[in-house]
Protein chains: 2
Amino acid sequence: MLYKGNFLYSVSPEKVAVAEGAYLRLTNGKVVEISEKKMTQASDEGFYDFGDRLVIPAFTDLHVHASQYGQAGLGMDFELLDWLRRLTFPREARFSDLDFAEIAYTAFAEALHRQGTLHACVYATIHPEATRLLMKILGKKGLKAYVGKVEMDQNAPKELTVPAQEALAATESIIQDFAAEKMVRPIITPRFVPTCSDELLAGLGELAKRYQLPVQSHLSENLEEVKWVQELHPESKSYAEVYQRFGLWGTTPTLMAHCIYLQPDEVKMLKESRVIAVHCPDSNCNLASGIMPAQRMLDGGISLGLASDVGACHSLSMPQTMVRAIQMSKLLRSKGEQGKQLDFAQAFYWATMGNGSFFGKVGTFLPGYAFDALVIEDELPGCHEFDLLQRLQRYIYTGDDRNIAARFVDGRRI
Amino acid sequence: MLYKGNFLYSVSPEKVAVAEGAYLRLTNGKVVEISEKKMTQASDEGFYDFGDRLVIPAFTDLHVHASQYGQAGLGMDFELLDWLRRLTFPREARFSDLDFAEIAYTAFAEALHRQGTLHACVYATIHPEATRLLMKILGKKGLKAYVGKVEMDQNAPKELTVPAQEALAATESIIQDFAAEKMVRPIITPRFVPTCSDELLAGLGELAKRYQLPVQSHLSENLEEVKWVQELHPESKSYAEVYQRFGLWGTTPTLMAHCIYLQPDEVKMLKESRVIAVHCPDSNCNLASGIMPAQRMLDGGISLGLASDVGACHSLSMPQTMVRAIQMSKLLRSKGEQGKQLDFAQAFYWATMGNGSFFGKVGTFLPGYAFDALVIEDELPGCHEFDLLQRLQRYIYTGDDRNIAARFVDGRRI
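If you're wondering where the values come from, they're calculated on a predicted model, not measured in any experiment.

Let us now look at the layout of surface pockets. Residue and element names in this part refer to chain A. In this model, the second largest pocket occupies a volume close to 580 Å³. Take the lining of the second largest pocket: its biggest share by element is five residues, from helix 12 (residues 344-356). The residue makeup of the lining of the second largest pocket, split by class, is 13 nonpolar, 12 polar and five charged.

Structural data, given as structure tokens:
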């Protein structure tokens with residue numbers, strides 16, 4: 001397939017490439033060649049001209065709770081632990097009901113698709129059957145996802161805990177059943193340290209290693225939470241060390257959401273283990289958690305990702321998450337944080353190429369990458385003559401899902 | 001007219017009244033009676049049932065630049081003074097062209113209407129003809145607005161300054177021509193101290209007094225700006241005092257946008273003069289200005305308003321502005337600010353009843369208030385049973401203009 005269009009894509013955290021009226025050749029859903037120089041359609045090749053629209057890589061969300069999509073925007077007067085206990089846990093318990101789960105997860109998958117988030121690292125709940133259902137629904141929708149059955153065997157309501165061995169067996173069964181899947185794959189998902197016994201954490205570490213599966217969890221989101229972990233694990237020097245001790249830290253690709261209140265040795269551990277610290281700026285505002293010092297961490301050589309963290313964040317829109325990350329960085333600077341601030345190029349890189357790398361060659365249009373793309377129709381109020389980069393920035397700040405005219409995964413329109 | 005529906009409206013900054021399946025009687029566009037007790041339709045009275053939808057007061061935006069709507073989302077890597085000089089001033093100069101102005105202002109008026117912001121305090125540009133055009137366009141759209149021709153006679157590009165006497169004469173002519181207008185009225189609008197000579201400020205103060213017109217301007221948005229004002233006005237103890245000296249501070253109803261870096265005596269002046277400090281949280285993030293200590297000011301008895309400040313803010317949505325105000329308050333608390341944080345009831349009050357009071361009896365459904373209302377269709381993903389207040393909160397956080405099914409001003413659908 002040969003495409004013509006305005007292609008905008010990251011080539012590094014600093015640079016968004018702008019290929020105006022360019023040609024993009026696709027084979028087996030992957031970019032073979034992209035250039036502003038004219039390419040001629042081969043005899044066995046299709047051709048399509050995207051015209052004046054913008055074509056950008058699809059977005060990746062590295063941390064989102066599918067089960068919380070329906071509660072987004074509620075309980076926003078709580079901080080983390082109350083928000084979990086009073087709103088989120090009672091709601092998650094309802095996913096034992098597969099009819100409820102089907103309605104809720106279908107709405108979630110449709111919303112991801114609508115927002116152009118075509119790759120996501122997703123939390124389900126403790127329920128194995130509902131987790132399998134979520135995986136199937138995301139797969140049917142044509143999305144790429146890692147989905148984790150959430151692991152909890154303590155410090156949560158009875159209906160949301162499962163004995164460690166039973167939980168591990170159920171997780172292993174899901175892993176085996178989805179072993180051949182390429183689009184929607186399992187990920188090891190201890191909810192966070194407080195809700196997991198040593199036995200459960202150890203078992204999860206073993207599963208991650210045995211099946212070479214990535215890991216996702218939460219780290220240092222809230223001061224009360226950090227204190228609680230210290231009380232539960234007096235033997236550990238830090239929150240991060242608990243994960244590390246059980247093989248859940250960088251043995252396989254690892255995502256740790258939030259990372260706001262890290263100790264210096266935890267920052268060092270992040271860097272050494274290439275664990276990805278996932279910035280969730282809107283969620284951190286809504287639960288009054290604080291601001292991750294993202295630019296300082298980037299400058300320190302830490303790998304960062306970007307995520308909505310719905311339901312503590314109210315919107316699945318990665319553009320809005322990008323905007324919030326930039327805003328938070330500016331606020332840190334206005335409060336005296338040194339160094340440069342996050343800019344548009346960095347935020348766009350995160351939401352596409354940076355985050356995408358967790359899924360392999362995904363998130364940009366360089367040769368060899370999957371053509372996972374969004375076609376943006378940015379109808380302007382008539383009197384503007386903006387360049388392509390300005391149009392992209394304007395769409396990110398002011399646009400919404402109505403501006404997405406088409407979505408592609410592996411070269412197929414979905 | 002008799003309406004039945006779910007009416008949600010502020011009765012104070014602390015309380016959102018919920019009238020479920022209630023009756024609301026309207027005479028001459030004003031609420032006469034609202035009650036959950038059944039009312040019977042009079043023989044000469046129309047009746048309409050809004051069903052399960054939510055009916056809420058229309059939003060009011062107390063600070064928005066119509067001329068900047070088309071640039072929203074651009075130039076977001078600048079701080080205030082560079083943003084003015086490099087992006088905003090060159091663009092505002094184009095409003096000397098009435099054809100350009102008509103397209104841009106029509107798009108702005110349509111966007112306000114679409115977002116449910118049916119009352120707004122608006123900045124035009126220095127151009128008298130384009131300002132009149134904006135007033136006519138807003139009037140045709142059925143909106144209530146104060147519109148200010150922006151006053152600048154120094155420290156700006158030549159094409160954006162007008163000699164003081166010429167500017168004052170043009171402003172007075174607009175005032176006289178729109179004297180009989182009830183919906184769209186003039187407001188005295190010195191851009192900010194740096195762009196106004198003493199002569200211009202003095203003349204504007206006289207116009208405000210002579211015609212008893214409200215005043216809007218900017219105050220203490222950015223540290224460089226504050227320093228600049230000190231350099232320009234070594235005779236003044238403070239930024240606010242410059243406005244006060246020229247009769248532009250509380251002589252008539254006065255709006256001062258931003259108010260982030262106030263000195264203690266300026267805070268005292270705000271309170272004594274009942275000048276309204278207008279919080280523009282999204283704009284203050286985007287231009288890295290900082291966070292207004294809104295809750296502390298409220299606790300100190302200062303009157304606050306809420307505004308988008310498009311184009312430094314990227315969205316005209318007052319719900320999104322409410323969310324950002326709540327988020328900023330939470331961030332201040334996470335950084336050690338004492339006291340309670342802004343909650344949903346306060347933010348909703350601001351965007352409706354509080355802001356609305358600048359327009360008279362507008363912004364709630366208590367008897368005597370204009371029926372300026374939005375009908376909200378909050379289609380839920382099927383599996384939720386939320387109460388009305390939760391549905392309202394969910395719409396504010398996660399909804400958008402698509403959820404607004406109808407708009408009323410003075411009881412007329414617009």
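Below, the discussion takes up the relation of the copies chain B and chain A. Mapping between the two chain copies consists of a rotation about an axis together with a translation along that axis. Each copy of the sequence occupies a distinct position, and chain B is placed on chain A by a rotation of 180° and an axial shift of 0.0 Å, giving an RMSD of 0.0 Å. Here the two chains are linked by the operation of a two-fold rotation axis. A shared binding surface is used by both copies, with 100% of the interface residues of chain B retained as interface residues in chain A.

Relative to strand 3 (residues 30-35) of chain B, strand 2 (residues 15-27) of chain B runs antiparallel, the two being bridged by five bridges. Bridging from a neighbouring strand, Leu 24 of chain B pairs with Ile 34 of chain B of strand 3 of chain B.

Here we come to the pattern of salt bridges. Counted according to the given criterion, the structure contains 36 salt bridges over all chains. Of the charged contacts in the structure, one is a salt bridge between Arg 132 of chain A and Asp 177 of chain A, with a shortest N-O distance of 2.7 Å. Taken together, the residues Arg 132 of chain A in helix 3 (residues 128-140) and Asp 177 of chain A in helix 4 (residues 164-177) connect sequence positions 45 residues apart. Of the residues examined, Arg 132 of chain A reaches a relative accessible area of 13% and is grouped as buried. Arg 402 of chain B is paired through a salt bridge with Asp 401 of chain A; the nearest N and O atoms lie 2.8 Å apart. On the criterion of chain membership, the pair formed by Arg 402 of chain B in the loop between helix 13 (388-398) and strand 16 (404-409) and Asp 401 of chain A in the loop between helix 13 (388-398) and strand 16 (404-409) is interchain, its members lying in two chains. Note on Asp 401 of chain A: relative accessible area 9%, which makes it buried. Members of the salt-bridge network, linked through shared partners, are Asp 400, Asp 401 and Arg 402 of chain A together with Asp 400, Asp 401 and Arg 402 of chain B.

So, on to unusual backbone geometry. For residues that are not glycine, phi is negative in most cases, and the peptide bond is trans in most cases. Of note, the bond from Val 310 of chain A into Gly 311 of chain A is cis; its omega dihedral lies within 30 degrees of zero at 5°. Its place among the elements puts Gly 311 of chain A in the loop between strand 14 (304-306) and helix 11 (318-334).

A few words on the interface of chain B and chain A. On the chain A side, the residues contacting the 51 residues of chain B number 51 residues. Of the roughly 4000 Å² buried at the junction of chain B and chain A (both faces included), carbon and sulfur atoms supply 54%. Linking chain B with chain A are four salt bridges. Measuring nitrogen to oxygen at the nearest pair gives 3.9 Å for the salt bridge that ties Asp 400 of chain B to Arg 402 of chain A. Linking chain B to chain A there are 14 residue pairs in polar contact (both at pLDDT 80 or more). Going through the elements one at a time, helix 2 (98-115), helix 9 (281-286), helix 11 (318-334) and helix 13 of chain B are the ones with two or more residues in the side of chain B that touches chain A. Take the side of chain B that touches chain A: its biggest share by element is 10 residues, from helix 11 of chain B. In the side of chain B that touches chain A, the residues fall into 20 nonpolar, 16 polar and 15 charged.

Thresholds, definitions, all that
Residues numbered from 1 in each chain as written. Chains lettered and ligands numbered in written order. Predicted model: local features only at pLDDT ≥ 70, side-chain atom pairs only at ≥ 80, totals over all residues. Heavy atoms only, no water. 1 Å grid on protein atoms, 1.4 Å probe; cavity = no way out; pocket = protein on both sides within 12 Å on 5 of 7 lines; lining within 4 Å. Points joined across faces, edges and corners; volume = space filled by probe spheres on them. Helix = DSSP H or I, 4+ residues; strand = E, 2+ residues; numbered from the N terminus. Nonpolar A, V, L, I, M, F, W, Y, C, P; charged D, E, K, R; others polar. Least-squares fit on C-alpha atoms with pLDDT ≥ 70 in both. Contact = heavy atoms within 4.5 Å. Pairing = 2+ DSSP bridges. Salt bridge = Lys/Arg side-chain N within 4 Å of Asp/Glu carboxyl O. Buried < 20%, exposed > 50% of the residue type's maximum accessible area, 1.4 Å probe, protein only. Buried area = accessible area lost by both parts, 1.4 Å probe. Polar contact = N/O pair within 3.5 Å; in protein donor to acceptor, adjacent residues only side chain to side chain.

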